[in-house]
Amino acid sequence: MLKKFLLSARLLLVAPVFGLLAASVALFAKGLRLVLEQLDNALLAPAEGHDLPSFEVSVLEGINLLLVGAGCLVLALGMFSLFIKPLPLPSAMRAESFHSLKGQFANFVIIAMAVSFLESLSNLQGMMRDPNSSGSEIFFAGAGMAVVTLALLAFKYWGGETIPPVASRSQRGQEPY
């Protein structure tokens, strides 16, 4: 009876999976709206009133939202597949262990930070005109992102599981849950 209760307790993970799926849908919708708005402005607005740096920053913001949405989707599907029921996912979205799932999500975080840093570079000219700014703000922001990126990469490559992977239940001839 305890075994049955503990096995069904894994279904508690459905709540965060649905939360991640909802966040993914919201991020996709907002990112797509932002990118389409900018395309509409670029293609249909008069050329003389077009502000290219603003366009680039808005498109980068939309791309960032789409990337974070993709990260949430991969995390949601990976959690469901690992803990609830295996799903036939493409190899790029498949996680063999919780550690590999965290590594996949770390990749999305690194890419999102890089895009975010590119967005902050758009403010560089304004910072240079400001007499109270030495420009060190952008350096420290970049250095901070570099440190976090290195930490995530170190975790991904050296902080992993050292235990060899165990054959899955289907490979051992057992029924999955």
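Our structure is the block above this text.
Report on the accompanying structure. Just so it is clear, the structure is predicted and the values come from calculations on it, not from any experiment.

Topic: the environment of L32
Tracing the backbone through its elements, the reader meets L32 in helix 2 (residues 14–44). On the accessibility criterion, L32 (45% relative accessible area) is partly exposed.

Some remarks on the packing of aromatic side chains
The tally for this structure, following the rule as stated, stands at two aromatic pairs. An angle of 55° between the planes, with centres 5.7 Å apart, marks the rings of F83 and F98 as tilted. You can see F83 sitting in helix 3 (residues 52–84) and its partner F98 sitting in helix 4 (residues 98–121), a full 15 residues away along the chain. With relative accessibility at 28%, the residue F83 sits in the partly exposed group. Ring geometry for F139 versus F140: centroids 5.3 Å apart, planes at 70°, classification edge-to-face. Overall, the relative accessible area of 57% leaves F140 in the exposed class.

A look at the environment of V59
Looking at the secondary structure, you find V59 in helix 3. The sequence separation of V59 and V35 amounts to 24 residues, and the corresponding C-alpha distance is 5.4 Å. Setting aside its immediate chain neighbours within four residues, V59 contacts V35 and Q38.

Thoughts on the nonpolar core
Counting residues in each nonpolar core, the largest one holds nine residues, listed as V17, L20, L27, C72, L75, A76, M79, A95 and L101. Counting only elements with at least two residues in this core, the list comes to helix 2 and helix 3. Apart from the residues within four sequence positions on either side, L75 is in contact with L20, L101 and F105.

Examining the packing of helix 4 against helix 6 (residues 136–158)
Close contact between helix 4 and helix 6 brings their axes to 10 Å; oriented N to C, the two are set at 165°. One element, helix 4, and the other, helix 6, form an angle in the roughly antiparallel class. Between helix 4 and helix 6 lies a crossing whose hand is left-handed. Along its contact with helix 4, which presents H99, K102, G103, A106, N107, V109, I110, M113, S116, F117, S120 and L121, the element helix 6 presents I138, A141, G142, M145, V148, T149, L152, L153, F155 and K156.

Comments concerning the pattern of salt bridges
For the coordinates displayed, the defined rule picks out one salt bridge. A salt bridge links R33 to E37; its shortest N-O distance comes to 2.6 Å. Here R33 pairs with E37, and both are found in helix 2, just four residues apart, close to one helical turn. We classify R33 as partly exposed; its relative accessible area is 42%.

Quick word on helix 2
Working note: α-helix, 3.6 residues per turn, so residues spaced by three or four point in the same direction. Taking 1.5 Å per residue, 31 residues should reach 45 Å; helix 2 reaches 44 Å between its end C-alpha atoms and fits that length. Among all positions in helix 2, only V17, L20, S24, L27, G31, L34, V35 and Q38 are buried.

What counts and what doesn't
- Residues numbered from 1 in each chain as written.
- Predicted model: local features only at pLDDT ≥ 70, side-chain atom pairs only at ≥ 80, totals over all residues.
- Heavy atoms only, no water.
- Helix = DSSP H or I, 4+ residues; strand = E, 2+ residues; numbered from the N terminus.
- Buried < 20%, exposed > 50% of the residue type's maximum accessible area, 1.4 Å probe, protein only.
- Phe/Tyr/Trp six-rings, centres within 6.5 Å; stacked < 30°, edge-to-face > 60°.
- Contact = heavy atoms within 4.5 Å.
- Core = buried A, V, L, I, M, F, W, Y, C linked by side-chain atoms within 4.5 Å.
- Axes fitted to C-alpha atoms, helices over the stretch in contact; angles between N-to-C directions.
- Parallel < 35°, antiparallel > 145°, perpendicular 65-115°, else oblique.
- Left-handed = near helix turned anticlockwise from the far one by under 90°.
- Salt bridge = Lys/Arg side-chain N within 4 Å of Asp/Glu carboxyl O.
- Expected span 1.5 Å × (residues − 1).

By themselves these figures say nothing about function.
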